[in-house]
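Observations on the model geometry
So you can see what is in the structure, the chains are spelled out below.
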Amino acid sequence: MVARRSRSVGRVPPHAARAGASRAGTEHRPGLWWVNPFNSKSKVLRRLQTLESGPLKVNDAAGNPVDIGAVVVWRVEDAAKALLEVGSYADYVKAQSETALRRMASVHPYDEVEAEEAVEQGGHLPMSTVSLRDGGDAIIETLLDEIRTRMEPIGVSVVEARISHLAYSSEIAGAMLRKQAASAVVAARRMVVKGAVSIVEDALRELDQKKLADALDPERKAAMTSNLLVVLVGDREVTPVINTGTLYS
């Protein structure tokens, strides 16, 4: 007897194949085996297969249209289930993978900023606070669990599922890019102003500690504070002006 690597064989009695009855069993162990000749046999490859799903257009949890795609690595684990439970297990894997991807994308926001703005504008809180763009392993695990649950009834094992494409849809991509750029500018300005205020506070504190602020009345302190903020916050070089008079002349 010569041992060899065999493919999965789903053994189905003829009357069961015609009537859709239960399977007789699955054999995928290597070696030479005797099979009841009165049973029908079908060979199913158990190699790893890759499915590219998408890109699909889906509305995320905040209502924004996004294009999302995924790569799913799967294999047949139970040949009898794969042959008997569905008409075509390959079509089933493709359809259910797309369904799982759509559902996962619809319950997560594209990013956290969009989710916060949707809530502030009177929208409902998304089902998940994990964003598609920054979710990382959490998003992958959610997608993998969803697909595995759908594949279990047909005996298909899902080895890996990862997001391969994620972007705003073309009709809003330009507007979202400008919005993100504006948000970045506002965040940078906010940081600059916060730092400038801290510097002015330190300057006034130093003047008080060295007894130099006693000679400054509130109006002069306000003018000094204003000048410091203009110098620190401005994005252009400042040209100094020497005032030889007073503030009251």
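Residues numbered from 1 in each chain as written. Predicted model: local features only at pLDDT ≥ 70, side-chain atom pairs only at ≥ 80, totals over all residues. Heavy atoms only, no water.

1. Focus: the environment of Gly234
With respect to the helices and strands, the residue Gly234 is situated in the segment after α7 (218–233). The partly exposed category is assigned to Gly234, whose relative accessible area is 38%. Measuring from C-alpha to C-alpha, the distance between Gly234 and Arg189 comes to 9.9 Å, with 45 residues separating the pair along the chain. (Helix = DSSP H or I, 4+ residues; strand = E, 2+ residues; numbered from the N terminus. Buried < 20%, exposed > 50% of the residue type's maximum accessible area, 1.4 Å probe, protein only.)

2. Some details on the side chain of Gln96
Mapped onto the elements of the fold, Gln96 is located in helix α3 (residues 89–106). Gln96 has contacts with Arg150 and Met151, leaving out every residue within four places of it along the chain. (Contact = heavy atoms within 4.5 Å.)

3. Considerations on the nonpolar core
Membership of the largest hydrophobic core comes to 28 residues, with the highest contact counts inside it found for Trp74, Tyr89 and Ile147. Those elements that place two or more of their residues in this core are β4 (49–59), β5 (65–76), α2 (79–84), α3, α5 (137–151) and β6 (156–168). Residue contributions to this core peak at 6 residues, all from α3. Discounting chain neighbours no more than four positions away, the residues touching Ile147 are Val72, Ser97, Ala100, Val158 and Ala161. In terms of nonpolar packing, the next biggest core, distinct from the first, is built from 5 residues, Val66, Tyr110, Tyr168 and Ile172 among them. (Core = buried A, V, L, I, M, F, W, Y, C linked by side-chain atoms within 4.5 Å.)

4. Some details on α5
Along an α-helix, residues three or four positions apart point the same way, because every turn accommodates 3.6 residues. Compared with the 21 Å implied by 1.5 Å per residue over 15 residues, the 21 Å span of α5 between its first and last C-alpha is a close match. All of the buried residues along α5 are Ile139, Ile140, Leu143, Leu144, Ile147 and Met151. In a view along the axis of α5, the buried residues occupy a sector of 130°, so they form one face of it. (Expected span 1.5 Å × (residues − 1). Arc of directions from axis to C-beta.)

5. Remarks on the packing of aromatic side chains
Remark: the centre distance and the inter-plane angle together describe each pair of aromatic rings, the angle taken between the planes. Applying the stated rule across the entire model yields 2 aromatic pairs. The interplanar angle of 75° and the centroid separation of 6.2 Å between the aromatic rings of Trp74 and Tyr89 together place this pair among those described as edge-to-face. Note that Trp74 is positioned in strand β5 and Tyr89 in helix α3, a separation of 15 residues in sequence. The same class applies to Trp74 as to Tyr89, namely buried. (Phe/Tyr/Trp six-rings, centres within 6.5 Å; stacked < 30°, edge-to-face > 60°.)

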